[in-house]
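Results of the structural survey
Letter by letter, the chains look like this.
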Amino acid sequence: MPSPFLNPGARSTANGLSLLHLRRDNLLPVVLDASDADPSTEKIVTTRFGPFPHSTLLNKTWGSQIASSNPPSNKRGKKALKRKADDLDSTEADDVPASASGFIHIFPPTPESWTSSLPHRTQVVYTPDYSYVLHRLRARPGCTIIEAGAGSGSFTHAAARAVFNGYSSASSPKSKKRTRFGKVCSFEFHAQRAQKIREELAQHGLEDVVHTTHRDVYSDGFLLGDPKTGKSPRANAVFLDLPAPWLALKHLVRNPADGAAVSPLDPSSPVFICTFSPCMEQVQKTISTLRQLGWLSISMVEVNQRRIDVRRELYGLGNEGVRGAVQFPKSVDEAIGKLRSEEDKMREYRKLQKEGVNSNTDTNGNERAVKEDDNTDEAKNEVPVYQRGRLIHRTEPDLKTHTSYLVFAVLPRPWSEEEERRCRERWPSRSERNGEAAVKTE
Ligand SMILES: C[S@@+](CC[C@H](N)C(=O)[O-])C[C@H]1O[C@@H](n2cnc3c(N)ncnc32)[C@H](O)[C@@H]1O
């Protein structure tokens, strides 16, 4: 099955993953089920915007707006309970809320939307970090990345998309020989997490691109299959999101001394590494071990991404009903004016109370007209609402991420005297060329 992450097609399909966009930063992943066409028993996604039976979500052009359905006439629908809005957004429902008022949008999955909606089993790597990491690892179609640990699979999905250049199982044996298919070799030592990520990747059509191994990489390294005699993944890049990355580095060498038959690294290319650590002591230990093992260009980066919200700030009491406006006096004069008018109103009210007249009727018993406050900006100036107020920008403090110090390094490809000599003969330097010319003219 082609992965909806890599080949989403034009429409939502049965058994494929879709993402329901409820609100900004609130996405609900759903695998659509077409097996039950009976409206009284089919699966329903229940959200704060109403119920959405799977049949109403199937075969929709990505990006479509979908209106919620009327509550079904089945028993579950009739027994509908009123629940808090936050409890409502779920992929399956035992009962359906009686109101059917809203709409949602349906989107194909991407690594970014999966990161913000996936079921968390561990801390995850968020988009600002992994986009930078993949860029520094030179992740590109056709290369192989080693990842440990897989955790909740957030980084795994982004890495799979970065290296994807075709499904090896779908290509002919001849082209398989010629093409090096991009791969992510993912290692996880927690048995349930390893099993869960395997299931998820199969459900997402990524099992061809990601090879998952249940393994303690500190003791058993990164070969595929048997830890000692297994196959080398021939990795071009490595990402370690482990509590003690320095303990795994001894296996990431060109000539293994740990008893492994081969190195897990690609002998024909330099290898880029990134380790992800939440504290500086871990960074220091990692860098020290990288130095001992011959890694070069070692550097550390902290990604501190902030989303900047640019908007107009409109203060003043006359902005009632204006979207985003702050109902607060913009000057001392406006504050005093407001207090005076309220005192006047109170005085008049007390006077009427004393006279025994309903405050909403005048002394003759007629309905009193509500005095309109003409002191609005609308009435006072011609400036359109969207241009009023001060233009301000604020950083959004609630960005989802967790402290991460990213250590990067490069291990050069192995290089022998013989290879150096062959290259010099083939591409002589200018001085070598000039020397040769001088010898020839003598
Ligand atoms: C922070 S989580 C990784 C999150 C992941 N990068 C993501 O984006 O979802 C760290 C994972 O490393 C795994 N782990 C810890 N020690 C390990 C080891 N020695 N070998 C393999 N995995 C290990 C843990 O079980 C945990 O799932």
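The coordinates are above.
The notes below deal with the structure included here. These numbers come from a predicted model, not from an experiment. Per chain, the residues get numbers from 1 upward, laid out in the order the sequence is written. Local features in a predicted model are, by the rule used here, given only for residues with pLDDT of at least 70; side-chain atom pairs are given and counted only at 80 or more, and totals for whole chains, interfaces and linings are based on all residues. Processing note: side-chain calculations cover all non-hydrogen atoms of the structure and skip hydrogens and water entirely.

A few points about the pairing of strand β11 (residues 271-277)
In regular strands, side chains alternate between the two faces of the sheet. Note on exposure labels: buried denotes an accessible area under 20% of the residue type's maximum, exposed denotes more than 50%, and partly exposed covers the range between, all computed with a 1.4 Å probe on protein chains only. Here a helix means four or more residues in a row that DSSP labels H or I, a strand means two or more in a row labelled E, and each is numbered from the N terminus. Burial runs high along β11: seven of the seven residues are buried. Burial of the side chains of β11 extends over both faces: V271, I273, T275 and S277 are buried on one face and F272, C274 and F276 on the other.

Comments concerning the side chain of T212
In this structure, T212 sits in strand β9 (residues 210-214). The exposure class assigned to T212 is buried, which follows from its relative accessible area of 13%. Not counting chain neighbours up to four residues away, the residues in contact with T212 comprise S186, A194, I197, R198 and L201. Residue contacts are defined here by distance: any two heavy atoms, one from each residue, within 4.5 Å place the two residues in contact.

Some thoughts on the site of the ligand
We call a residue near a molecule or strand as soon as one heavy atom of that residue lies within 4 Å of the molecule or strand. Around the ligand sit 22 residues, and of these S152, E188, R193, D216 and D241 come closest. Polar contacts, as counted here, are pairs of nitrogen or oxygen atoms within 3.5 Å of one another; within protein the pair requires one atom able to donate a hydrogen and one able to accept it, and residues that are adjacent in sequence qualify only if both atoms are side-chain atoms. The side chain of D216 places a nitrogen or oxygen atom 2.7 Å from a nitrogen atom of the ligand. Here a nitrogen atom of the ligand and a backbone polar atom of V217 are 3.1 Å apart. Per-residue and other accessible areas follow the Shrake-Rupley method at a 1.4 Å probe size, with only the shown protein chains counted as cover for residues. For the ligand, whose unbound accessible area comes to 610 Å², protein coverage reaches 92%. At the level of elements, α5 (154-163) and α8 (217-220) are the ones that each hand at least two residues to the shell around the ligand. Counted by class, the shell around the ligand contains nine nonpolar, eight polar and five charged residues. Residues were grouped as follows: Ala, Val, Leu, Ile, Met, Phe, Trp, Tyr, Cys and Pro as nonpolar; Asp, Glu, Lys and Arg as charged; and all remaining residues, including Gly, as polar.

Considering the pattern of salt bridges
Salt bridge, as used here, is a side-chain nitrogen of Lys or Arg placed within 4 Å of a carboxyl oxygen of Asp or Glu. Tallied over the entire structure, the rule returns 16 salt bridges. Across the salt bridge formed by D344 and R347, the nearest N and O atoms sit 3.3 Å from each other. Here the residue D344 and the residue R347 both occupy positions in helix α10 (residues 332-355), the gap between them amounting to three residues, near one helical turn. Between E418 and R421 there is a salt bridge; the shortest N-O distance is 2.9 Å.

Some words on the nonpolar core
Residues enter a nonpolar core if they are buried and are Ala, Val, Leu, Ile, Met, Phe, Trp, Tyr or Cys, with the set joined through side-chain atoms within 4.5 Å. Formed by 38 residues in total, the largest nonpolar core has its most connected members in V133, L134, I145, F155, V209 and F239. Looking at this core, the elements with two or more residues in it are α4 (127-136), α5, α7 (191-203), β10 (237-240), β11 and β15 (405-411). Ranked by residue count, the leading element in this core is α5, at six residues. When near neighbours in sequence (up to four residues on either side) are disregarded, I145 contacts L134, A139, A159, V163, K183, V184, C185 and A237.

Focus on the packing of aromatic side chains
When the centres of two rings from Phe, Tyr and Trp lie within 6.5 Å, Trp using its six-membered ring, the rings pair. Their planes under 30 degrees apart give stacked, over 60 give edge-to-face, and anything left gives tilted. Applying the stated criterion to the full structure yields six aromatic pairs. With centroids separated by 6.2 Å and ring planes inclined at 75°, the aromatic side chains of F239 and F276 adopt a geometry described as edge-to-face. Placement of F239 in strand β10 and of F276 in strand β11 is noted, with a sequence separation of 37 residues between them. A relative accessible area of 1% means that F239 is categorised as buried. Counting every residue linked through ring pairs, the aromatic cluster contains F155, F239 and F276. The rule for a charge over a ring is simple: NZ of Lys or CZ of Arg within 6 Å of the ring centre, and within 35 degrees of the ring normal. For the cation-ring pair, R136 lies above F408, with the distance from its terminal atom to the ring centre recorded as 4.1 Å.

What about the sheet that holds strand β2 (residues 26-31)?
Between any two strands, pairing holds if DSSP finds at least two bridges. The four strands are arranged β2-β1-β6-β5 in an open sheet whose pairing can be described as antiparallel. Two strands in the sheet have a free side with no partner beyond their single neighbour: β2 and β5 (65-67). Taking each pair of neighbouring strands and ignoring which way they run, the sheet shows an average axis angle of 35°. Two strands pair when backbone bridges link them, and strand β1 (residues 17-23) and strand β6 (residues 103-107) are joined in this way by three bridges, in the antiparallel orientation. In the strand pairing of β6, L19 is matched with F107. Only the contacting stretch of a helix is used when fitting its axis, a line to C-alpha atoms as for every element, and angles between N-to-C directions run 0 to 180 degrees.

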